[in-house]
Amino acid sequence: MEGIIIREMSSGDLPEVHALEDQCYSTPWSINSFKHELQNKDAILKAAVLNHHIIGYVCVRTILDMTHLLNLAVSPEFRRKGVGSMLLLEVIKDLKRLKPGIKLTLEVRQSNTAAVKLYEGFGFKATGKRTGYYQKPHDDAVIMELDIN
Ligand SMILES: CC(C)(COP(=O)(O)OP(=O)(O)OC[C@H]1O[C@@H](n2cnc3c(N)ncnc32)[C@H](O)[C@@H]1OP(=O)(O)O)[C@@H](O)C(=O)NCCC(=O)NCCS
C-alpha cells in the first residue's frame, strides 16, 4: 500500500500501539509489556506508519539460539493490504544481518487462519502444538518455525 513506512518503534508510539493492541487481542499486552521490550537490547520492535498514525507493529526477541515472534498486529481497517507482510519482512531483513543462521519461532492460535496463512507464505513450518495454551477463547497453539537463512 502506498505511503506506508516501516520504522523502529519508539516510546512515543506507545499510546497508539496500545490502543491498537486492545482492538486486536482478547488478552492484550499492557503498555508496560511494550516498554519492557523497548528497553530490551535483544528485542526488535517495528511500527507501520501511515499519515503519522500507527497501523501495525511487530515485536520479536532473541532468547539464546532462537528469535521469538512475540507480537504482530495490523489495524482491522488496513488488513489484507500487505502490511503484516511488510512488518515481517523488515524483521527478517534485520535478523539476517544481525543474527545470521538464527531460527524464528512463534505460537499462533490454531483457529487463526489469517495468521497461519501469512506465516506459511513466508515458509514457516508447523513443528508442534501446545494444547490449551490460549484463553478467551480456549484454543491450542501451533508452534511454527522459520530458518532465517
Ligand atoms: C495476522 C495479521 C497480522 C495479518 O496482517 P495483514 O496485514 O492482513 O496480512 P497481509 O495483508 O500481509 O497478508 C499476507 C497473506 O496472509 C494471508 N492472509 C492474511 N489475512 C488473511 C485472511 N483473513 N484469510 C486468509 N488468508 C489471509 C494471505 O495469504 C495473504 O496474502 P494475500 O492477501 O495475497 O492472499 C492480521 O490479520 C492481524 O493483525 N490479526 C490480529 C492479530 C493477530 O492475530 N496476530 C497474529 C498473532 S500470532
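Above this text sits the structure in question.
Quick caveat: nothing in here was measured; it's all calculated off a predicted structure.

### Describing unusual backbone geometry
Among all residues save glycine, negative phi is the norm, and among peptide bonds the norm is trans. Look at the link from lysine 136 to proline 137: it is a cis peptide, with omega at -5°. You can see proline 137 is positioned in the loop between strand E6 (125–134) and strand E7 (139–147). One non-glycine residue with positive phi stands out, namely asparagine 51, at about 50°. Relative to the elements of secondary structure, asparagine 51 occurs in the loop between strand E2 (43–50) and strand E3 (53–63). In this structure asparagine 51 comes out as exposed when scored by relative accessible area, which is 61%. A positive phi angle is found at arginine 80, which is not glycine, with a value near 65°. For arginine 80, a relative accessible area of 87% puts it in the exposed group.

### Re the sheet that holds strand E5 (residues 103–109)
Read across the sheet, seven strands follow the order E1-E2-E3-E4-E5-E7-E6 without closing on themselves; strand pairing throughout is mixed. Where the open sheet ends on each side, the last strands, each with one partner, are strand E1 (5–8) and E6. Taken over all neighbouring pairs, the strand axes of this sheet differ in orientation by 25° on average, direction set aside. The sheet contacts of helix H2 (residues 31–38) involve E2, E3 and strand E4 (66–74), and relative to E2 the element is tilted by about 115°. Against the sheet, helix H3 (residues 83–98) touches E1, E2, E3, E4, E5 and E7, its axis set at about 145° to E2.

### Some thoughts on the site of the ligand
In the vicinity of the ligand, 19 residues are found, and the nearest of them are Leu72, Arg80, Gly82, Ser85 and Asn112. Serine 85 places a polar side-chain atom, nitrogen or oxygen, 2.5 Å from an oxygen atom of the ligand. Relative to its unbound accessible area of 920 Å², the ligand is 73% covered by the protein chains. According to the grid-proximity analysis, the pocket containing the ligand is the largest pocket. Listed by contribution, the elements that provide at least two residues to the shell around the ligand are E4, H3, E5 and helix H4 (113–121).

### Topic: the environment of threonine 27
Structurally, threonine 27 is set in the loop between helix H1 (14–24) and H2. The partly exposed category is assigned to threonine 27, whose relative accessible area is 45%. The sequence separation of threonine 27 and leucine 95 amounts to 68 residues, and the corresponding C-alpha distance is 28 Å.

### Structural notes on the layout of surface pockets
Empty space within the largest pocket amounts to approximately 1,200 Å³. Looking at the largest pocket, it is lined by 34 residues, and the ones nearest its centre are Tyr25, Leu72, Asn112, Ala115 and Tyr119. Broken down by secondary-structure element, the contributors of at least two residues to the lining of the largest pocket are H1, E4, H3, E5, H4 and E6.

What counts, and at which threshold
- Residues numbered from 1 in each chain as written.
- Predicted model: local features only at pLDDT ≥ 70, side-chain atom pairs only at ≥ 80, totals over all residues.
- Heavy atoms only, no water.
- Helix = DSSP H or I, 4+ residues; strand = E, 2+ residues; numbered from the N terminus.
- Buried < 20%, exposed > 50% of the residue type's maximum accessible area, 1.4 Å probe, protein only.
- Pairing = 2+ DSSP bridges.
- Axes fitted to C-alpha atoms, helices over the stretch in contact; angles between N-to-C directions.
- Contact = heavy atoms within 4.5 Å.
- Near = heavy atom within 4 Å.
- Polar contact = N/O pair within 3.5 Å; in protein donor to acceptor, adjacent residues only side chain to side chain.
- Areas by Shrake-Rupley, 256 points an atom, 1.4 Å probe, with all protein chains shown as cover.
- 1 Å grid on protein atoms, 1.4 Å probe; cavity = no way out; pocket = protein on both sides within 12 Å on 5 of 7 lines; lining within 4 Å.
- Sits in = over half its atoms within 2 Å of the grid points.
- Points joined across faces, edges and corners; volume = space filled by probe spheres on them.

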